[in-house]
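# Analysis of the macromolecular model
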Amino acid sequence: MASSTVRPDAQDRPPEDDLTRRLLESAATLAYDPATEVDWDTPLDKAYHGASPEWSTLYGTAYWAELTEEQRTELTRQEAASVASTGIWFEMILQQMILRDVYAKDPTSADVQWALTEIAEECRHSIMFARGAQKLGAPAYRPHRLAVELGRAFKTLAFGEAAYAAILVAEEVLDVMQRDWMRDERVVPFVRTINNIHVVEESRHMKFARAETRRHLGGAGPVRRRVNALVIAIASYVIVTSMVNKGVYANAGLDPERAIGEAKANEHHKSMMRSSCSGLMDFLASARLLTKPALVFYKRAHLI
């Protein structure tokens, strides 16, 4: 008898449709316009960091101990700008993959409307990151040529769980560090606002990416699962190792050769990356995507 009170369309609606409807409702009630929410007009106060110092690639090294406070703040501003630039690069890849996924599908469906909403949010994020990097006094950092070409191939060929799990990796890694930055009063206020906007809106994107990854894996056989587990791991490695461009050290007035060497050996930063990805690794393990070949790349990227 109780079932007679449920509308037929609700009975027939697939679970993923319910999720996208909830995400659409969330986007309608909790969304930001960075053009008006972020204080773009106040001049940059160079007494502030661009990111929490503990997230700097040099934090905890002998070189960090030698730096003046002015050098440290400049370094974190350059590093934050580099992370933002990498975010723009991957958001462009993400948007193209999502458009391919919904191409020619029913535009009246909640799934397609959510996909278009997510793309609209990512477009605003990319503009926000670009303006933020510019205000931090940084150049347009770009990934190295190999990463750019691998990204070009990935956005063209990746589908299903490979596409959505890679999206999830990029979003989760950024999410944890940005949650720290947005609460840190040592970070310049406009960057804290940018991080808050990104964290709030990306939480919806991560829910969708997790759901889509699981949905696509439901129809995956063992060979496809193993192949895509490796593809996801390689994509994750390229994304994470592209976050901080080597040019940040010279632009911060440091000795690039020494800085790069100490950053590579920095156990503190490796530990920060591993701790930030614990939830992500748990999800990938539950989805049976942590195969032995995949683990090689996650370990090389210090994600596990």
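Residues numbered from 1 in each chain as written. Predicted model: local features only at pLDDT ≥ 70, side-chain atom pairs only at ≥ 80, totals over all residues. Heavy atoms only, no water.

## Quick word on the packing of aromatic side chains
Within a pair of aromatic rings, the relevant descriptors are the distance that separates the centres and the angle that separates the planes. Put simply, the rule is: Between the rings of Phe, Tyr and Trp (Trp by its six-membered ring), a pair exists once the centres lie within 6.5 Å; its type follows the angle of the planes, with under 30 degrees stacked, over 60 edge-to-face, and the other angles tilted. Here a strand is any run of E in DSSP of at least two residues, a helix any run of H or I of at least four, and the numbering for each starts at the N terminus.
One pass over the full model with this rule turns up 5 aromatic pairs. Considering the side-chain rings of Y237 and F297, the 6.1 Å spacing of their centres and the 70° angle between planes classify their relative orientation as edge-to-face. Note that Y237 is positioned in helix α10 (residues 222-241) and F297 in helix α15 (residues 292-300), a separation of 60 residues in sequence. Each residue in the set W114, Y164 and F208 is aromatic and connected to the rest through ring pairs, giving one cluster.

## Side note on the nonpolar core
How we decide: Working definition of a nonpolar core: buried Ala, Val, Leu, Ile, Met, Phe, Trp, Tyr and Cys residues. They are joined through side-chain atoms within 4.5 Å. The buried label goes to any residue with under 20% of its type's maximum accessible area, the exposed label to any with over 50%, and the partly exposed label to all in between, with areas taken from a 1.4 Å probe on protein chains only. The contact criterion used throughout is that any non-hydrogen atoms of two residues lie within 4.5 Å.
L58, L75 and M177 are the most contacted members of the largest nonpolar core, which has 90 residues in total. Setting aside its immediate chain neighbours within four residues, M177 contacts W55, V83, M243 and M273.

## Looking at the side chain of E74
What counts here: The term polar contact refers here to a pair of N or O atoms within 3.5 Å; inside protein, the definition further demands a hydrogen-donor-capable atom paired with an acceptor-capable atom, and it admits residues adjacent in sequence only when both atoms are side-chain atoms.
Following the sequence through the fold, E74 ends up in helix α5 (residues 69-102). Since its relative accessible area comes to 15%, E74 is described here as buried. A polar atom in the side chain of E74 sits 2.8 Å from the side chain of Q78. Look past the residues within four positions of E74 in its chain and what remains in contact with it is N251 and A252.

## Description of the confidence of the model for the chain
So the rule is basically this: Confidence scores per residue from the predictor, reported as pLDDT, run from 0 to 100.
The predicted model of the chain has a mean per-residue pLDDT of 92, with 95% of residues at 70 or higher. Element-level pLDDT for the chain is lowest in helix α1 (residues 8-12), with a mean of 42, against a maximum mean of 98 in helix α4 (residues 62-66). pLDDT under 50 marks residues 1-13. Its contacts with residues more than four places away, or in other chains, come to 5 contacts.

## Here we look at the packing of α10 against α15
The following threshold applies: In this description, a line fitted to the C-alpha atoms serves as the axis of each element, helices being fitted only across the stretch in contact, and the angle between N-to-C directions of two axes falls anywhere from 0 to 180 degrees. Angle categories are assigned with fixed cut-offs, so that under 35 degrees is roughly parallel, over 145 is roughly antiparallel, 65 to 115 is roughly perpendicular, and the rest are oblique. Only Asp, Glu, Lys and Arg are considered charged, only Ala, Val, Leu, Ile, Met, Phe, Trp, Tyr, Cys and Pro nonpolar, and every remaining residue, Gly among them, polar.
One way to put it is that α10 packs onto α15 with a least axis distance of 8 Å and a crossing angle of 10°. In terms of orientation, α10 lies roughly parallel with respect to α15. Two secondary-structure elements touch here, α10 through A229, L230, I232, A233, I234, S236 and Y237 and α15 through P293, A294, F297, Y298 and R300. Grouping the constituent residues of the contact of α10 with α15 by class yields 10 nonpolar, 1 polar and 1 charged.

## Side note on helix α12 (residues 256-264)
Short version of the rule: The directions considered for the arc run from the helix axis to the C-beta atoms.
Listed in full, the buried residues belonging to α12 are A259, E262 and A263. Buried residues along α12 cover an arc of 100° about the axis, so they all sit on one side. Those residues of α12 that are exposed and aimed more than 90 degrees away from the buried face are E257 and K264. In the core, the buried residues of α12 are packed alongside α4 and α11 (247-251). If you check the start of α12, you find a side-chain oxygen 3.2 Å away from the backbone N of E257, and it comes from D255.

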